[in-house]
Amino acid sequence: MLTGDNERTAKSIAQALGIDNVISGVRPDQKEARVRNFQAEGRRSSWLEMDKRCPALAAADVGIAIGSGTDVAKETGGIISSKTI
């Protein structure tokens, strides 16, 4: 899991979801590069977006825009939900 959230919050969310690998504190301008680095290593990526920071959403193998995401995020996402999780 890669997130801009602080380490404590990120680890709490990851634990609830059963995710072992957590990278926290990533700035918005760093997220797309991180996604592309994962892909260069042969990994697949998905990106869940509820905000307007879309470069990582567009770069991911699967982009998911939900809830209160901006129109730009909704246009960029491959999967779009109007439901808030």
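Here the structure is shown first, and the text comes after it.
These remarks concern the structure in this document. Predicted, not measured: the structure shown is a model, and the values here were computed from it.

## Observations regarding the pattern of salt bridges
Evaluation of the coordinates by the stated rule reveals 5 salt bridges. Between Arg-36 and Glu-32 there is a salt bridge, and its shortest N-O distance comes to 3.1 Å. Separated by 4 residues within a single helix, Arg-36 and Glu-32 lie in helix 2 (residues 28-40), roughly one turn from each other. Here Arg-36 falls in the partly exposed class, since its relative accessible area comes to 43%. On the basis of relative accessibility, which here comes to 28%, the residue Glu-32 falls in the partly exposed class. We note a salt bridge from Arg-44 to Asp-61, for which the minimum N-O separation is 4.0 Å. Pair noted here: Arg-44 is in the loop between helix 2 and strand 1 (46-49) and Asp-61 is in the loop between helix 3 (55-59) and strand 2 (62-66), with a separation of 17 residues, a long-range link. We classify Arg-44 as exposed; its relative accessible area is 74%. Residue Asp-61 is classed as partly exposed on the basis of its relative accessible area of 38%.

## Focus: a nonpolar patch on the surface
A cluster of nonpolar side chains, Ile-13, Leu-17 and Ile-19, forms an exposed patch at the surface whose accessible area comes to about 250 Å². Relative to the elements of secondary structure, Ile-13 occurs in helix 1 (residues 7-17).

Criteria and thresholds
- Residue positions are counted from 1 within each chain, in the order its sequence is given.
- In view of the model being predicted, local features appear only for residues whose pLDDT reaches at least 70, and side-chain atom pairs are presented and counted only at 80 or more, with totals across whole chains, interfaces and linings using the full set of residues.
- Hydrogen atoms and water are omitted, and side-chain values are computed over all heavy atoms in the structure.
- Think of a salt bridge as a Lys or Arg side-chain nitrogen and an Asp or Glu carboxyl oxygen that are within 4 Å of each other.
- Helix and strand assignments come from DSSP, with helices taken as H or I runs of at least 4 residues and strands as E runs of at least 2, each series counted from the N terminus.
- Relative accessibility thresholds used throughout: buried, under 20% of the residue-type maximum; exposed, over 50%; partly exposed, between the two (1.4 Å probe, protein chains only).
- Exposure above 30% relative accessible area and the absence of a salt bridge qualify a residue for a patch, where like charges join within 9 Å and nonpolar side chains (Val, Leu, Ile, Met, Phe, Trp, Tyr) within 5 Å.
- Accessible surface area values rest on a Shrake-Rupley calculation with a 1.4 Å probe, where residue burial reflects the displayed protein chains alone.

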